[in-house]
Amino acid sequence: MPAAGMGVRLGPGGPKALRLLRGEPLLVHAVRRVAAAPSVGCIVVAAPPDAVSDVEALLAPITSGPAGVVVVAGGATRQASVALALAAVPASFDIVLVHDAARALTPPGLVEDVASAVRGGHGAVIPVLPVVDTIKRVDSSGAVLGTVDRSSLRAVQTPQGFRRDVLAKAHEAAVDDHTDDAGLAERIGVAVHTVAGAEAALKITRPFDLAIAELLLS
Ligand code: CTP
Ligand code: MG
């Protein structure tokens, strides 16, 4: 679980994963929901490097459940954080899901759907939603160049699930920063399977998203 980002788009207030939603850090919401998925045996969190021991203390009450929690220091980019966390996944696990702490309200059922699609034989699995807005291509001045056929477009969420060897190879081959791990898998020619995403798995990016999350919990 990459959780080391600064949350620049959310505005001032410290690392996003530690920002409060209904009195609890986003990371606590996210870890609790992932830990509730029966398939999950271990959660590795990539924390802001100066907050590793704080995050360990924060998650200690959740570690008492069936899924163990390991906290490592994250990196300068999301991709680096995922690579650092992946290196700390115990060797006994051969399926790995990558999940943004910022998708704090992701239902455990979505975690389970992704895990079972990987277990069913797909090397890489992503949850997706249809795109609801009309999408245009524009030039640098803002003039419309054309309308994109949205019927073949999907918005991508996490958790993204992988056979461990696929994810490790994808990260080894990575040259530039990607915002998702399936993009790295595509680069090395792995077929990526989609499952239905969940609206509650929205990524809390801007203040508006945090307000939506507050409403969802009210
Ligand atoms: N992330 C990370 N390490 C980084 C950057 C991002 O672990 N160096 C994590 C974030 O903590 C988040 C997830 O990747 O859980 C998705 O990133 P994003 O939503 O962009 O979060 P931030 O990078 O924190 O936000 P911003 O881009 O607005 O600064
Ligand atoms: Mg970011």
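Residues numbered from 1 in each chain as written. Chains lettered and ligands numbered in written order. Predicted model: local features only at pLDDT ≥ 70, side-chain atom pairs only at ≥ 80, totals over all residues. Heavy atoms only, no water.

A. How the structure looks around the environment of glutamate 172. Looking at where glutamate 172 falls in the secondary structure, it is placed in helix H5 (residues 164-172). In this structure the C-alpha to C-alpha distance between glutamate 172 and leucine 184, which are 12 residues apart in sequence, comes to 9.4 Å. (Helix = DSSP H or I, 4+ residues; strand = E, 2+ residues; numbered from the N terminus.)

B. Expanded view of the pattern of salt bridges. The tally for this structure, following the rule as stated, stands at 7 salt bridges. The partner of arginine 22 in a salt bridge is glutamate 214, and the shortest N-O contact between them spans 3.5 Å. Taken as a pair, arginine 22 in the loop between strand E1 (20-21) and strand E2 (24-25) and glutamate 214 in helix H7 (residues 207-217) lie far apart in primary sequence, 192 residues in all. Residue classification places glutamate 214 among the partly exposed residues on the basis of a relative accessible area of 26%. Where arginine 78 meets aspartate 100, a salt bridge forms, and the shortest distance between an N and an O atom there is 2.9 Å. You can see arginine 78 sitting in helix H3 (residues 78-87) and its partner aspartate 100 sitting in the loop between strand E5 (95-98) and helix H4 (108-119), a full 22 residues away along the chain. Since its relative accessible area comes to 9%, aspartate 100 is described here as buried. Each member of the salt-bridge network shares a partner with another, and the members are Arg78, Asp100, Arg103 and Asp181. (Salt bridge = Lys/Arg side-chain N within 4 Å of Asp/Glu carboxyl O. Buried < 20%, exposed > 50% of the residue type's maximum accessible area, 1.4 Å probe, protein only.)

C. Looking closely at unusual backbone geometry. The omega torsion across threonine 158 and proline 159 is 10°, close enough to zero to call that bond cis. Inspection of the secondary structure puts proline 159 in the loop between strand E9 (154-156) and strand E10 (160-163). The phi angle at arginine 22 is positive, at roughly 50°, despite the residue not being glycine. Relative accessible area serves as the criterion here: at 49%, arginine 22 is assigned to the partly exposed category.

D. Just the site of ligand 1, in detail. Around ligand 1, the structure places 18 residues, and the nearest of them are Ala4, Gly7, Val8, Ser81 and Lys203. Here an oxygen atom of ligand 1 sits 2.7 Å away from a polar atom, N or O, in the main chain of valine 8. Between ligand 1 and the protein, one listed contact pairs a nitrogen atom with a backbone N or O atom of glycine 75 at 3.0 Å. Here the shell around ligand 1 is composed, by residue class, of 8 nonpolar, 5 polar and 5 charged. (Near = heavy atom within 4 Å. Polar contact = N/O pair within 3.5 Å; in protein donor to acceptor, adjacent residues only side chain to side chain. Nonpolar A, V, L, I, M, F, W, Y, C, P; charged D, E, K, R; others polar.)

E. View of the packing of H3 against H5. The geometry of H3 relative to H5 is characterised by a closest axis approach of 11 Å and an angle of 135° between their N-to-C directions. Regarding the angle of H3 to H5, the classification is oblique. Judged by the twist between their axes, the crossing of H3 over H5 is left-handed. Residues Gln79, Val82, Ala83 and Leu86 of H3 pack against Arg164, Leu167, Ala168 and His171 of H5. The residue inventory of the contact of H3 with H5, partitioned by class, reads 5 nonpolar, 2 polar and 1 charged. (Axes fitted to C-alpha atoms, helices over the stretch in contact; angles between N-to-C directions. Parallel < 35°, antiparallel > 145°, perpendicular 65-115°, else oblique. Left-handed = near helix turned anticlockwise from the far one by under 90°. Contact = heavy atoms within 4.5 Å.)

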